[in-house]
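Observations on chain architecture
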Amino acid sequence: MPIDPALKRDLQAKAVQVRKLILQAVHKAGAGHVGGPLSMVEIAVAMYFKILRIDPKNPQWPDRDRYVLSKGHSCIALYATLALRGFFPVEEVFTYDAMNSRMQGHPDMTKTPGIDMSSGSLGTGASPPLGMALAAKRLGKDFHTWVHLGDGEIQEGQVWEMAFVASQYQVDNLTAIVDYNRVQQFGFPKDGNVRRRVNPLVQVPEKWRAFGWHVIECDGHDFDSLIPACEEAKTIKGRPTCIVAHTIKGKGVSFMEGDYNWHAKVPSPEELAKAFAELEAAQAG
Amino acid sequence: MAKLIEMRVTWGETMLELTKTHPNIMILDGDLGNSTMAQIVAYNAPDFYMNMGIAEQNMMGVAAGMASVGLIPWLSSFACFLANRDLDQLRVTVTQPKLNVKLAGHYSGILTGKTGKTHIDVGDIAILRALPHMTVVAPADSVECRQAVLALTDMPGPAYLRITRDAGPVIFGEDYRFAIGSVVPVREGKDLTIFGTGVQTTRAMEACDLLASEGISAHLVHVPTLKPIDVEGLVAAARKTGRVLTTEDHNIIGGLGGAVAEVLGQHHPVRMKIHGLQDCYGESGPNDAMLEKYGLTPKHIAAAAKALLNKAR
Ligand SMILES: Cc1ncc(C[n+]2csc(CCOP(=O)(O)OP(=O)(O)O)c2C)c(N)n1
């Protein structure tokens, strides 16, 4: 079911803003990740502008929905989204990676408003959301917890340790989103070519199903597909849900898409200009 | 100006070199080949490289198995993950059975390319030093790094090599000879002895210049091997001046300072000061600002030296 067209246009415009902020912030910092953040833009925008029950003026609100970016290296996308949503001024995004900044290279819940859990060591962010969901049930709270994982990240055993326990306790107030862009940092040669590298992990939906999760597949860059998936996830009872979101690493910038070299590369001034031109052309067209 | 070289590049090039002489070498990568420079082997000698994926615990166990059958696995990841994520696998399946597994801990210390707290391990020396049978080496520059890679490869048993990310000055000449377990005198002096390890030794050299300009003569000794520690070497150097300052890009608990205190406390007690990270985690930031905020610059080392001398008077 497609979403309201006006909402869709609004979210798409937000997504373009987030992509620009990501590229500018990394360019300015001279460090940081690009591919993974661009891969998760629609997911972050859908979360913070439609799905999550949150209050930007009260980031510590005890009854807020929780969202944990377990693939913490992509946090610049989250910072940009949080800023646009009003958690802190947009200019602050440009302090990314600067000394004493609240915009750390990886999410730090002691520093940044709106960050529900520190993360950055892949896999370690998978389990705290399960704890949050279990605590909500124990304390009679009705908030929902979301955990955003990378498809490279789910190579970590800890993710599957969490998956087992979550279904064991029928934790239906927890949803995992797998950012399934099929590229990791260095990865594995594709068709024997050592210079073309991918994440060869296959049968991702089947893996989660085998662990007892309800699985929904969606297009992680299409709000008409993504938002209904998130809404469905909240209605599933008796087991946790995993949304396998098909995404493209580096999405939105042609020369970054699907290329492992752009996992954590800083765009030059020319590359930045070219990327902006592409994003603007796509928005206009 | 000394030449600046990235130790990680030296590590990668030395690994490639070793694939030609050591057919049993195998590089296991925790999906960081393009950060750690394991890619040098992945691209040029792919038969000697395997990505183990983002799964360090499994990687450590695989290394144990390979070593038990006669391969020489070199694990390559960030220091923060190698010293922590797979620690139980390291303890039970590598160090307890004394297996021949080598760890290349990249991006050690606080300068990790702005990645921040999660990627800064302030305690890797403390953790790995506490494992029986483990050898721990922190080279100061790329010359020493290369020699340490060769020496650790040919030494039976588990070893950890602490590697720094960014380019640092080359302080040793081609005539330098690294020996596992030996300290290296760098400067002669009489007022106090400074022990440095890893790249912090290069900052200690600059601190010696600052001190000299104020009429203080520091005796600088580099301690590349944190374990097994050179008891005789440390005692002899401490005896020279009777006052010891240690400096390291690591927590002040359990690192070089701890190791030196354990030795001198038992064999030759002297007045001592431990300089390093003040039991805190790091953050994201440019290198110069990080060193300044966390107090690791030559100026800070010199100030610590003066504080030690004033206390001693
Ligand atoms: C435990 C751990 N090992 C290694 C890394 C280094 N690392 C950072 S991002 C990354 C690749 C992540 O790939 P994926 O989860 O697919 O994320 P995305 O492609 O969306 O960026 C790696 C290996 C890490 N942060 N944590």
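Here, the structure is the one placed above.
The following refers to the structure shown. (Residues numbered from 1 in each chain as written. Chains lettered and ligands numbered in written order. Predicted model: local features only at pLDDT ≥ 70, side-chain atom pairs only at ≥ 80, totals over all residues. Heavy atoms only, no water.)

**A few points about the pairing of strand β10 (residues 192-196) of chain B**
Residues and elements named next belong to chain B. Which entries qualify depends on this criterion: We call a residue buried when its accessible area falls under 20% of the maximum for its residue type, exposed when it is over 50%, and partly exposed in between, using a 1.4 Å probe and counting protein chains only. Only DSSP runs of H or I covering at least 4 residues are called helices, and only runs of E covering at least 2 are called strands; the numbering of each starts at the N terminus. When DSSP finds two or more bridges between a pair of strands, those strands are recorded as paired. The crossover handedness rule: strands pointing away from the viewer, path from first strand over the helix to second strand clockwise, crossover right-handed.
Counting buried positions along β10 gives five out of five residues, so the element sits mostly inside the fold. A two-sided burial pattern is seen for β10, the buried positions comprising L192, I194 and G196 on one face and T193 and F195 on the other. Pairing between β10 and strand β11 (residues 218-222): five bridges, direction parallel. Bridging across to β11, F195 finds its partner in V221. Taken together, β10, helix α9 (residues 200-213) and β11 form a β-α-β motif whose crossover is right-handed.

**Observations concerning the sheet that holds β11 of chain B**
All names here are of chain B. What counts, and what does not: Simply put, an axis is a line fit to the C-alpha atoms, just over the touching stretch for a helix, and the angle between two N-to-C directions goes from 0 to 180 degrees. We call two residues contacting when some pair of their heavy atoms lies within 4.5 Å.
Reading across the sheet, the five strands line up as β9-β11-β10-β13-β14 and stay open at both edges, with mixed pairing between neighbours. The open sheet has two edge strands with one neighbour each: β9 (184-187) and β14 (271-277). Each strand of the sheet is rotated relative to its neighbour by a mean of 25 degrees, with strand direction disregarded. Across three bridges, β9 lies against β11 in antiparallel orientation. Residue pairing across strands places V184 opposite H222, the latter belonging to β11. Docked against the sheet, α9 engages β9, β10, β11, β13 (243-251) and β14, running at close to 170 degrees with respect to β11.

**Overview of the packing of helix α3 (residues 41-51) of chain A against helix α8 (residues 223-235) of chain A**
Residue and element names in this part refer to chain A. The condition is simple: Just so you know how the angles are binned, under 35 degrees is roughly parallel, over 145 roughly antiparallel, 65 to 115 roughly perpendicular, and the rest oblique. Crossing handedness is defined as follows: a turn of the near helix away from the far one that is anticlockwise and smaller than a right angle gives a left-handed crossing, while the clockwise case is right-handed. All residues other than Ala, Val, Leu, Ile, Met, Phe, Trp, Tyr, Cys, Pro, Asp, Glu, Lys and Arg, Gly among them, are scored as polar; the first ten of these are nonpolar and the last four charged.
Axis separation between α3 and α8 bottoms out at 10 Å; the angle between their running directions is 60 degrees. Taken together, the axes of α3 and α8 are oblique relative to one another. For the element pair α3 and α8, the recorded crossing hand is right-handed. Note on element contacts: α8 touches α3 through F223, L226, I227, C230, E231 and K234, opposite E42, I43, V45, A46, M47, K50 and I51. Partitioned by chemical class, the residues of the contact of α3 with α8 number nine nonpolar, no polar and four charged.

**Focus on the sheet that holds strand β6 (residues 214-219) of chain A**
All names here are of chain A. Read across the sheet, five strands follow the order β1-β2-β3-β7-β6 without closing on themselves; strand pairing throughout is parallel. Single-partner strands in this sheet number two, and they are β1 (66-69) and β6. Mean inter-strand twist for the sheet, computed between neighbouring axes without regard to direction, equals 20 degrees. For β1 and strand β2 (residues 145-150), the ladder comprises four bridges, and the chain directions are parallel.

**Observations concerning unusual backbone geometry**
For the peptide bond that leads from K227 of chain B to P228 of chain B, omega is -5 degrees, which places it in the cis range. If you trace the backbone, P228 of chain B turns up in the loop between β12 (225-227) and α10 (231-241).

**Some details on the nonpolar core**
To be explicit about the condition: Take the buried residues of types Ala, Val, Leu, Ile, Met, Phe, Trp, Tyr and Cys, join any two whose side-chain atoms come within 4.5 Å, and each joined set is a nonpolar core.
Judged by nonpolar contacts, the single largest core of 59 residues is most densely connected at L23, M47, Y48, Y67, Y96 and W146 of chain A. Among the elements that make up this core, the one with the highest residue count is helix α1 (residues 5-29) of chain A (10 residues).

**Examining the packing of α1 of chain A against α3 of chain A**
Residues and elements named next belong to chain A. α3 packs onto α1 with a crossing angle of 125 degrees between their chain directions and a minimal axis gap of 9 Å. The angle between α1 and α3 falls in the class oblique. Handedness of the α1/α3 crossing: right-handed. Of α3, the residues touching α1 (which contributes L7, L11, K14, A15, V18, R19 and I22) are V41, E42, V45, F49 and K50. Considering only residue class, the contact of α1 with α3 consists of eight nonpolar, no polar and four charged.

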